[in-house]
Amino acid sequence: MKSMGRSFSNFFFEYETPRQVLVRNRRVAIVCRIIQLGVLSYIIGWVFMYEKGYQTVDTAISSVFTKMKGVAYTNISGDERIWDVADYVFPEQGDSSFVVMTNFISTIQQQDKCPELPDGKNRNKCTSDTDCDEGKFKRTGNGHMTGKCVNSTSTCEVYSWCPIEDDRQIPDPPILQTAENYTLFIKNSITFPQFNVVRSNLVETVDQNYINSCLYHPKTDPQCPIFRLGDIVERSALNFSEIARVGGAVGVLVDWDCNLDLNLRHCKPKYEFYGLYGTGKNDKGEKPSLGYNFRFAKYYVENKVEKRNLMKVFGVRIDIIVHGRAGKFDIIPTLTAIGSGVGIFGVATVVCDVLLLYLLPKRDYYKNMKFKHTELQEEKPTLPPSQIEKELPK
């Protein structure tokens, strides 16, 4: 019991410290200081200054409101027309993802029987009525086949919206050439709920007079919320003429990176533009499904016959993406960053020990200095007093 009590006493009331050996070796000392300097630079430069490891971080909840402005004039075969935002923006304005029409193919149709359109790859070609199964349709077709092969086109007759849309020739130059001068207004609001902070891209320096006259420029007007469509496409490293003809997609990134340890006025967005236009080639060197397009129709009745104006629309798809991040000083991440940095300092000790104990010529000498070896000795048995008296000489 006494030995157990002594062990507990030693455990609670004694402090053990590692034994340290001072080694006078320039090469090892230089390696140690270089490693320690690198670790210190990493902690101060990367963890604290760049990554702001002393802050707690919150991500934003955001909303985006958009509005396009601009008009276009066309004169197609004597048909003069003015196009405004109600005509060339899909879907209705206000969404963070929308399409601005820049080119189109228009076809007036009614339900009837008409020949299929030759597709240039002989997929719709027929030589006799037996090639056109009545009541069925082909994957590349536009309606149900009537069972008749039309000799003039060598294609099957179908029951469909007639005439079949001919989209083999895309208008060049694009019909709405003035689309590059359209303007886009972006209104973005974000909230950092953890810090109870609400911000808008209409910052303190932006008022109504400024909005009415400004146009975004990354150097002269970086906080202007009005963007010219042609500039958006060009800053996305795309060619507007090509995009306007066959369509494409552009991403507008509204990036909030706020340091809330500073004045809230410094919390401002940065705008970045990225081309999402697929230009990759397949193994054959082709660019499949080039551009961006979709179809919609306007229905009406003429002479008691239902008709429609089918529009194949080519345009610029704009996706507005908001990324919000805010940081503020907090003691918990600060202590965590310091603790991890102190732990990394141990790398210098490990490297230097490897040099001393395994690589240097005097490694055996350093091992003897660093480690203290003990040998376990056998204990002699203790004799009882009666036995001791017998062993003593008389």
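The structure we're discussing is the one just above.
These notes cover the structure that comes with them. Computed from a prediction, not measured in an experiment: that's the story for all the values here. (Residues numbered from 1 in each chain as written. Predicted model: local features only at pLDDT ≥ 70, side-chain atom pairs only at ≥ 80, totals over all residues. Heavy atoms only, no water.)

### Quick look at a nonpolar patch on the surface
A contiguous nonpolar patch, built from Y42, W46, Y50, I344, V347 and V351 and spanning about 560 Å² of accessible area, is present on the exposed surface. The set of elements that each furnish at least two residues to the nonpolar patch consists of helix 2 (26–50) and helix 8 (346–359). Top contributing element to the nonpolar patch by residue count: helix 2, with 3 residues. Position of Y42 relative to the elements: it lies in helix 2. The exposure class assigned to Y42 is partly exposed, which follows from its relative accessible area of 40%. (Patch = residues over 30% accessible without salt bridge, like charges linked within 9 Å, V, L, I, M, F, W, Y side chains within 5 Å. Areas by Shrake-Rupley, 256 points an atom, 1.4 Å probe, with all protein chains shown as cover. Salt bridge = Lys/Arg side-chain N within 4 Å of Asp/Glu carboxyl O. Helix = DSSP H or I, 4+ residues; strand = E, 2+ residues; numbered from the N terminus. Buried < 20%, exposed > 50% of the residue type's maximum accessible area, 1.4 Å probe, protein only.)

### Thoughts on the state of the cysteines
Scanning the entire structure with this criterion turns up 5 disulfides. Disulfide partner of C132: C156, at an S-S distance of 1.9 Å. Between C132 and C156, the S-S dihedral sits near -85°, and the bridge is therefore left-handed. Of this pair, C132 sits in the loop between strand 6 (97–115) and strand 7 (144–150) while C156 sits in strand 8 (residues 155–162), and the two are 24 residues apart along the sequence. Given a relative accessible area of 3%, C132 falls into the buried group. The connectivity of the disulfide bonds within the chain can be written as 1-6, 2-4, 3-5, 7-8, 9-10, using the sequence rank of each bonded cysteine. (Disulfide = S-S within 2.5 Å.)

### What to know about the side chain of Q109
Inspection of the secondary structure puts Q109 in strand 6. When its relative accessible area of 4% is taken as the criterion, Q109 is described as buried. Here R308 takes part through its side chain, which lies 2.9 Å from a polar atom of the side chain of Q109. Look past the residues within four positions of Q109 in its chain and what remains in contact with it is W161, C162, P163, I164, E165, K307, R308 and L310. (Polar contact = N/O pair within 3.5 Å; in protein donor to acceptor, adjacent residues only side chain to side chain. Contact = heavy atoms within 4.5 Å.)

Structural measurements only, silent on function.
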